[in-house]
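Descriptive structure summary
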Amino acid sequence: MSGSNGGPATKKQLREFGLVVGGAFLVLATAQLIFHGKLNPMVLYVIGGVLVVCGLVVPQILRPFNWFWMKLSVVLGWVMNRVLLGLIFYVIFTIVATIMRLQKRDALRRHKDPAADSFWQLRPATPTPAERYERQF
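Computed from a predicted structure; not experimentally measured.

**Observations concerning the layout of surface pockets**
Taken as a whole, the largest pocket encloses approximately 240 Å³ of empty space. Taken together, F93, V96, A97, M100, R101, K104, R105, D106, A107, L108, R110 and H111 make up the lining of the largest pocket. Residues of the lining of the largest pocket, tallied by class, amount to six nonpolar, one polar and five charged. Taken as a whole, the second largest pocket holds about 180 Å³ of empty space. F17, V21, F25, I47, V50, L51, C54, I61, L62, F65, F68 and W69 together form the lining of the second largest pocket. Within the residue set of the lining of the second largest pocket, elements represented by two or more residues are helix 1 (11-35), helix 2 (41-57) and helix 3 (63-102). Here the lining of the second largest pocket takes four residues from helix 2, the largest share from any one element. Residues of the lining of the second largest pocket, tallied by class, amount to 12 nonpolar, no polar and no charged.

**Some points on the nonpolar core**
Core analysis: the biggest nonpolar cluster contains five residues, these being F17, V21, L51, C54 and L62. Looking at this core, the elements with two or more residues in it are helix 1 and helix 2. Look past the residues within four positions of L51 in its chain and what remains in contact with it is G18, V21, G22, F25 and L62.

**Some points on helix 2**
Taking 1.5 Å as the rise per residue, helix 2 with 17 residues should run 24 Å; its terminal C-alpha atoms sit 24 Å apart, in good agreement. Considering only its buried residues, helix 2 is in contact with helix 1. The opening residue of helix 2 is N40, an N-cap whose side-chain oxygen sits 3.1 Å from the backbone nitrogen of M42.

**Considering the pattern of salt bridges**
Counted under the stated rule, the structure contains two salt bridges. Close ionic contact of K12 with E16 constitutes a salt bridge, the shortest N to O distance being 4.0 Å. With K12 and E16 both in helix 1 and four residues apart, this pair spans about one turn of that helix. Among the ionic pairs, R110 bridges to D106, the shortest N-O distance being 3.5 Å. The exposure class of R110 is exposed, given its relative accessible area of 58%.

**Notes on the packing of aromatic side chains**
Inspection of every chain in the model, using the stated rule, returns three aromatic pairs. Relative to Y90, the ring of F89 has its centre 5.0 Å away and its plane inclined at 85 degrees; by these criteria the two rings are edge-to-face. A residue is classified by how much of its surface remains accessible, and F89, at 42% relative accessible area, is partly exposed. Grouped by ring-pair contacts, the aromatic residues F89, Y90 and F93 constitute a single cluster.

**What to know about the UniProt feature "transmembrane region" (unreviewed entry) in the chain**
Mapped onto this numbering, the UniProt entry annotates "transmembrane region" (unreviewed entry) at residues 17-35, 42-62 and 82-102. A distance of 21 Å separates the end C-alpha atoms of residues 42-62, which is 76% helix and 0% strand. The distance separating the terminal C-alpha atoms of residues 82-102 is 30 Å; by composition the span is 100% helix and 0% strand.

What counts, and at which threshold
- Residue numbers here run from 1 along each chain, matching the order of that chain's written sequence.
- The model is predicted, so local features are restricted to residues of pLDDT at least 70 and side-chain atom pairs to those at 80 or more, both for listing and for counting; the totals for chains, interfaces and linings are taken over all residues.
- Each side-chain value is derived from all of the structure's non-hydrogen atoms; neither hydrogens nor water enter the calculation.
- The way it works is a 1 Å grid over only the protein atoms, where trapped points that fit a 1.4 Å probe form a cavity and open points with protein on both sides within 12 Å along at least five of seven lines form a pocket, and then any residue with an atom within 4 Å of a point lines it.
- Grid points are joined across faces, edges and corners, and a volume is the space filled by probe spheres set on the points.
- Only Asp, Glu, Lys and Arg are considered charged, only Ala, Val, Leu, Ile, Met, Phe, Trp, Tyr, Cys and Pro nonpolar, and every remaining residue, Gly among them, polar.
- In this description a helix means any DSSP run of H or I spanning at least four residues, a strand means any run of E spanning at least two, and both kinds are numbered starting from the N terminus.
- The definition of a nonpolar core used throughout is a set of buried Ala, Val, Leu, Ile, Met, Phe, Trp, Tyr and Cys residues joined through side-chain atoms within 4.5 Å.
- Exposure classes here rest on a 1.4 Å probe applied to the protein chains alone. A residue is buried below 20% of its type maximum, exposed above 50%, and partly exposed in between.
- The contact criterion used throughout is that any non-hydrogen atoms of two residues lie within 4.5 Å.
- Each helix should span, by expectation, one fewer than its residue count multiplied by 1.5 Å.
- Each polar contact in these results corresponds to two N or O atoms within 3.5 Å; when the atoms are within protein, one needs to be able to donate a hydrogen and the other to accept it, and residues that are neighboring in sequence are counted only if both atoms are side-chain atoms.
- We count a salt bridge whenever a side-chain nitrogen from Lys or Arg sits within 4 Å of a carboxyl oxygen from Asp or Glu.
- Any Phe, Tyr or Trp ring, taking Trp's six-membered ring, that has another such ring centre within 6.5 Å forms a pair; planes under 30 degrees apart are called stacked, those over 60 apart edge-to-face, and the others tilted.
- UniProt positions are given in the numbering used here, feature names are shortened, and annotations may be inferred rather than shown by experiment.

Pasting the structure below:
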């Protein structure tokens, strides 16, 4: 796909792609071998080895694989960003809301007292020094 400058990937970037992704396949193959995974470790070793060798010898061969990998990473990043941020958002807000309800806390003061003359919330009068207006931030 594109390098960090937005153009086609350079030879160095293709070499790094071959070494990093090939190395990841080799690590995954070793983990499959050690933990008796469901994938055949020899297939992963071959893929990893081919990527590493191509990255070292002829990185230009990896250009279409790099392009596909980068496109896949953009799609996965888009999806996972929404899934993880949505999950974190809803989990945190659900926990906080549940705790506040259990404590009968109403931070927004939504429950009004029908016997009250007014629902106006008075703020305590605090003197504001003139210097505060000169440096607002």
